[in-house]
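The lines below spell out each chain.
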Amino acid sequence: MGLFDRFTQKKICDVCGEEIGLFGNNKMADGNVCDKCMNKKSPWIRFGKDKTVAEFKEHLEYREDNAAALASFEPTKTIDTDYNIYINENNGDFIVTNVSNWREKNPDIFNLADVTGIEVETTQSRTEEKTKDKEGKSISYTPPHYTYSFKFFVVIHMNHKYVHEVRFCVENTAAQIKVIGSREPNTATSASYSATQRKATSVKIEMNKVKRALENRKVAAEKPREKVICPVCGGTTVPDASGCCEWCGSPVG
Ligand SMILES: [Zn+2]
Ligand SMILES: [Zn+2]
């Protein structure tokens, strides 16, 4: 086989068996996967040469199970950012997605019980604003003018078979602060900075609130119920799920 043959030889996807076009190939440790198959993976992880075709196929089985589970996923709460978080407050299931037709995109269903921590991250970058001299050449101002750009990310750490970190930007439009000279940008006076920061922090607060409520409910449900004397009817009773006397229905705490 000549060198040229090797370049023109058609590659076959080791998952679906279809021929892979010139640019649609994803190399794995021991084979090739076409773009169409690769697009079925979780958006929060990547599969590359460090993974085998078998590992990828196993992941796709998990993705099929996820699609089936998604059919009965009904969110009761939405946290609105550039990525939306849809939560079912009754069982703690949640998804994170930036598309409105999310059912078609098969977002991974996570559970708040598997969340090990939520953090807010800020990234900062700086560009220098230039002006022009008499010949139209781009030059620095004296002192130099800078525009600082800030973005806020929420990072959800997860105890999950495939996804260990869900990281997303709450506002794609960066908060900008203009500074003249070498001083530090004053973030305290920027309305867009504080608004975006609040948005990111509220994701963390809201998610933790639902997580804690579910944990408290679980603790309460697991607490053994003891017999008490009902102060109203005098009967000996094991309070029901809502803490009421089984004989007369009065609350007995
Ligand atoms: Zn394929
Ligand atoms: Zn009673």
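The rules behind the values
- Just so you know, the residues in each chain are numbered from 1, in the order the chain's sequence is written.
- Labels follow written order: the first chain is A, the first ligand is 1, and so on.
- Selection of residues for local features in this predicted model requires a pLDDT of at least 70, selection of side-chain atom pairs for listing and counting requires 80 or more, and totals for whole chains, interfaces and linings are taken over all residues.
- Each helix corresponds to a stretch of at least 4 residues labelled H or I by DSSP, and each strand to a stretch of at least 2 residues labelled E; elements are numbered beginning at the N terminus.
- Remark: C-beta atoms are placed from the backbone, and a residue is labelled buried if 20 or more other C-beta atoms sit within 10 Å of its own, exposed if 12 or fewer do, or partly exposed between those counts.
- Two residues form a contact once the distance between their C-beta atoms, set from the backbone, is within 7 Å.
- Put simply, a nonpolar core is buried Ala, Val, Leu, Ile, Met, Phe, Trp, Tyr and Cys residues tied into one set by C-beta atoms within 7 Å.
- One bridge is not enough; two strands pair if DSSP finds at least two bridges between them.
- What a helix is expected to span follows from its residue count: subtract one and scale by 1.5 Å.

Undergrad: Quick rundown of the overall build of the chain? Include the residues and the values.
TA: Scanning the chain for helices and strands turns up five helices and 14 strands. The 253 residues of the chain split such that 19% are buried. Residue pairs at least 24 apart in sequence account for 40% of intrachain contacts in the chain once pairs closer than 6 positions are excluded.

Undergrad: Residues and numbers for the nonpolar core, please.
TA: Ile-85, Phe-94, Val-96, Val-154, Val-170, Val-203 and Met-207 are the most contacted members of the largest nonpolar core, which has 21 residues in total. Mapped by element, the contributors of at least two residues to this core are strand S6 (84-87), strand S7 (93-97), strand S10 (138-158), strand S11 (165-169) and helix H5 (191-222). Once you skip the residues sitting within four places of it in the chain, Ile-85 turns out to touch Ile-79, Phe-94, Val-96, Val-203 and Met-207. If you look at the next biggest cluster of nonpolar residues, it comprises nine residues, including Met-28, Cys-34, Cys-37 and Phe-47.

Undergrad: I'd love a proper account of the pairing of strand S9 (residues 115-132), names of residues and values included.
TA: Little of S9 is tucked away: one of the 18 residues are buried. Across 17 bridges, the pairing between S9 and S10 is antiparallel. Looking across to S10, one finds that Glu-129 is bridged to His-145. Between the antiparallel neighbours S9 and S10 lie five residues, among them Gly-136 with a positive phi of about 85°.

Undergrad: Give a detailed account of the sheet that holds strand S5 (residues 77-79), specifying residues and quantitative values.
TA: The four strands are arranged S5-S6-S7-S8 in an open sheet whose pairing can be described as antiparallel. Every other strand in the sheet has two partners, leaving S5 and strand S8 (110-111) as the edge strands with one partner each.

Undergrad: Mind laying out H5, listing which residues take part and the relevant values?
TA: Think of an α-helix as turning once every 3.6 residues; residues three or four places apart then point the same way. Its 32 residues give H5 an end-to-end C-alpha distance of 46 Å, which sits within 8% of 46 Å, the value for a rise of 1.5 Å per residue. Residues of H5 that are buried include every one of Tyr-193, Thr-196, Ala-200, Val-203, Met-207 and Val-210, and no others. For H5, the elements touching its buried residues are S5, S6, S9, S10 and strand S12 (175-180).

Undergrad: Lay out the environment of Glu-89 with the relevant residues and their values.
TA: Locating Glu-89 in the fold gives a position in the loop between S6 and S7. In this structure Glu-89 comes out as partly exposed when scored by C-beta crowding, with 15 C-beta atoms within 10 Å. Between the alpha carbons of Glu-89 and Cys-245 there is a distance of 28 Å; along the sequence they are 156 residues apart. Those residues within four positions of Glu-89 in sequence are excluded, and the remaining contacts are Thr-76, Lys-77 and Val-210.

Undergrad: Describe the pairing of S7, naming the residues involved and giving the relevant values.
TA: Taken across its five residues, S7 has four buried, putting it largely inside the fold. Relative to S7, S6 runs antiparallel, the two sharing four bridges. Residue pairing across strands places Asn-84 opposite Thr-97, the latter belonging to S7. Linking two consecutive strands that pair antiparallel, namely S6 and S7, is a turn of five residues; a positive phi of about 85° is found at Gly-92 within it. Examined bridge by bridge, S7 and S8 share two bridges and lie antiparallel to one another. Considered in S8, the bridge of Asp-93 is made with Asn-111.

Undergrad: Go over unusual backbone geometry with me, naming the residues and quoting the values.
TA: With omega at -10°, the peptide bond leading from Thr-142 into Pro-143 counts as cis. Along the chain, the position of Pro-143 falls in strand S10. Phi is positive for Asn-106, which is not a glycine, with a value near 50°. With respect to the helices and strands, the residue Asn-106 is situated in the loop between helix H4 (102-105) and S8.

Undergrad: Account for the environment of Asn-88, naming residues and giving values.
TA: As for its placement among the helices and strands, Asn-88 is situated in the loop between S6 and S7. When the C-alpha positions of Asn-88 and Val-210 are compared, they lie 9.2 Å apart, and in sequence the two are 122 residues distant.

Undergrad: Can you lay out the environment of Pro-224 for me, pointing to particular residues and giving the numbers?
TA: Considering the arrangement of structural elements, one finds Pro-224 in the loop between H5 and strand S13 (228-229). Judged by local crowding, Pro-224 falls into the exposed class, with 5 C-beta atoms found within 10 Å. Once the C-alpha coordinates of Pro-224 and Ser-190 are considered, the two residues, 34 residues apart in sequence, prove to be 53 Å apart.

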